Each structure stands twice: as structure tokens, then as C-alpha cells.
Amino acid sequence: MTAPRFPGSTAVSGLRVYDWEAEDGLCGGTPHLHTASSEAYVVTAGTGQVHTLTPEGEAVDALSPGSLLWFGPGTVHRLVNSGGLELVVVMQNSGLPEAGDAVLTFPAEVLADPDGYAEAVRLPRDAPEEHLAQAVRARRDLAMRGYLHLVSAVRSEGPAALEAFHRSAAALVRPQVDRWRRIWEESVARETERTREQLADLARGEPGIMGEAAVARPEPRPGPRRFGMCGRLRTWQMGDPPG
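A few points on the structure. (Residues numbered from 1 in each chain as written. Predicted model: local features only at pLDDT ≥ 70, side-chain atom pairs only at ≥ 80, totals over all residues. Heavy atoms only, no water.)

1. Concerning the environment of Glu39
Just so we agree on the cut-off: Per the convention used, a helix needs a DSSP run of H or I reaching at least four residues, while a strand needs a run of E reaching at least two, with both numbered from the N terminus. Whether two residues are in contact is decided by their heavy atoms, any of which lying within 4.5 Å being enough. For the purposes of these results, a polar contact is taken to be a pair of N or O atoms within 3.5 Å, where, inside protein, one atom must be able to donate a hydrogen and its partner to accept one; residues adjacent in sequence count only when each atom of the pair is a side-chain atom.
Along the chain, Glu39 falls in strand 3 (residues 39–54). For the pair Glu39 and Val90, spaced 51 residues apart in the sequence, the C-alpha separation amounts to 5.8 Å. Ignoring any residue separated from it by four or fewer positions in sequence, one finds Glu39 in contact with His34, Leu69, Trp70, Phe71, His77, Val89, Val90 and Met91. One polar contact links Glu39 to His34, side chain to side chain, over a distance of 3.2 Å.

Next comes the structure, spelled out in C-alpha cells:
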């Protein structure tokens, strides 16, 4: 018997949003988008905002306990922490976000250089927490430079400016797509097929996978919360994503 997988290979994590002040005087995380995955925020504590850029323009949504907000691929988003902001993050396509689905809003010259982008996004391995925090903050600040320029461009040029950023993001992730396809086939597609087979069993009056009923209660990963793009992350030991 194996532990049940959540539909769509969905991932869940707990997030404490950074309270580091950025160039514009607001505190928060790193602006970015996801190229293939949707994401949802459920606020559990504190207050703040999420700033987004879509083809419709800029938007600011207030966040407080009980707020729910989700968005699809291509939505540039930035979390702002007004005080003690904590979220439960629900992410589609578990495995793809961990495999580089996120593209940070670095300046255009960084986005145009795959090696430069890889160097800018990379964090030091086995570094003390203080040094790692400095690297994460420097990465956030670089992304903020590009983000503020992108916001200005969207204001003056409209959706064309965002489309240009989308094209840069697509070019950056293109070499990874074959690996992502394998991850998707072994997780999301496999679970979708399992549901199709279950519906066929039920149509025949058969219980199908109900005979494999199980409950999973994973434990939090040991150690301190890891540094994410938007804050300190708590994750659970759900098994490593395929690929």
C-alpha cells in the first residue's frame, strides 16, 4: 500500500514572508512568475499585500487571515509583508516549481544571458544562515531592480512590455522542458490516468482503488525553515518528486 497522492501532484508549504525592506520602501519577497504552474495563497496570520502584473495591468490585493488568492502561469507576483504575514502556499505540478519553473524579474540584460541568470539565481551551498540570508536578500534586490523597471514599462507600454518579459522567461526555461515533461508524466498525468481508470471501474460497479484506501501524515522536514524566494519555507516530507 502506498500513501495517497494529492490530485494534480499538488504541493503544500508554509511561508513566513520576509520582512526585509526593498528599494521602494516596502518589505517582502522576490518578484517572479511561474511559466507552467498555478499557485494559491491562503493567509493564516498577519497582514500584507500581493502585487501582480498581468496583461490587464497592475493590481494590489490586500491580505489578512482568511484571504485566498490564486493565479495562473505568467502572473508576475510580489508579496509585501505589513506585519507577521504567513501563508499556506498551494502549488500545481509539484516538482516543476522545484525544477526551475519560477523565473525572477531580473534586469533585461541578466534575463538575456542564461549563464548570467543561472549565476544570479544560484544560492551558496552549505553556507551559514547569515551568509545565506545575505545572498537571498541580494538576489531579491536584483529582482526588484528589474521588477520596478518592468512595472514602469507596463505603465507606459501596456501589455507589450509584459509579453516581452514572458518571451524572455520562455527562452530561459526552454532547455528544461524535456525534463519537466518527464516530471509531469510521472506525477500529474499518472494521477489523471488513475482517476480515469477509477471512473471506469465505478461505471462497472467495481470499487477499484477504494481498496487501497490510506491516510498519510507526513512530518515537517527537520531543521530550520529553508530560504525561499518570498520567505522562509516549511515543507513536509511527502517524497521526492520524480525526475
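2. What to know about the packing of aromatic side chains
Heads up, the condition is: Between the rings of Phe, Tyr and Trp (Trp by its six-membered ring), a pair exists once the centres lie within 6.5 Å; its type follows the angle of the planes, with under 30 degrees stacked, over 60 edge-to-face, and the other angles tilted. Three labels apply to residues, based on accessible area from a 1.4 Å probe with only protein chains included: buried if under 20% of the type maximum, exposed if over 50%, partly exposed otherwise in between.
Counting across every chain of the model gives three aromatic pairs. Between Tyr18 and Trp20, the ring centres sit 4.0 Å apart and the planes meet at 5°, which makes this aromatic pair stacked. Grouping residues by exposure puts Tyr18 and Trp20 together as buried. Measuring from centroid to centroid gives 5.4 Å for Tyr41 and Phe71, while their planes differ by 75°, and the two rings are edge-to-face. Note that Tyr41 is positioned in strand 3 and Phe71 in strand 5 (residues 68–71), a separation of 30 residues in sequence. Look at Tyr41 and you get buried, because its relative accessible area is 1%.

3. Remarks on the packing of helix 3 (residues 129–157) against helix 4 (residues 159–173)
The condition is simple: Angular values range over 0 to 180 degrees, each being the angle between N-to-C directions of two axes fitted as lines to C-alpha atoms, with helices fitted over their stretch in contact. Each angle gets one of four labels, with under 35 degrees taken as roughly parallel, over 145 as roughly antiparallel, 65 to 115 as roughly perpendicular, and the rest as oblique. Three residue categories are used. Nonpolar comprises Ala, Val, Leu, Ile, Met, Phe, Trp, Tyr, Cys and Pro, charged comprises Asp, Glu, Lys and Arg, and polar comprises the others, including Gly.
Running from amino to carboxyl end, helix 3 crosses helix 4 at an angle of 135°, the nearest separation of the two axes being 6 Å. Relative to helix 4, the element helix 3 is oriented oblique. Each of Leu150, Ala153, Val154 and Glu157 in helix 3 lies in contact with helix 4, whose residues at this interface are Pro159, Ala160, Ala161, Leu162 and Phe165. Each residue belonging to the contact of helix 3 with helix 4 can be placed in one class, and the counts come to eight nonpolar, no polar and one charged.

4. Topic: the pattern of salt bridges
Where we set the bar: Salt bridges are defined as contacts in which a side-chain nitrogen from Lys or Arg sits within 4 Å of a carboxyl oxygen from Asp or Glu.
With the rule as written, the count across this model stands at eleven salt bridges. With its nearest N and O atoms 2.7 Å apart, the salt bridge here joins Arg78 to Asp24. One end of the pair, Arg78, is in strand 6 (residues 76–91); the other, Asp24, is in the loop between strand 1 (11–17) and strand 2 (32–34), and 54 residues separate them in sequence. The shortest N-O distance in the salt bridge between Asp178 and Arg181 comes to 3.1 Å. With Asp178 and Arg181 both in helix 5 (residues 177–186), this residue pair falls three residues apart, about one helical turn. The exposed category is assigned to Asp178, whose relative accessible area is 52%.

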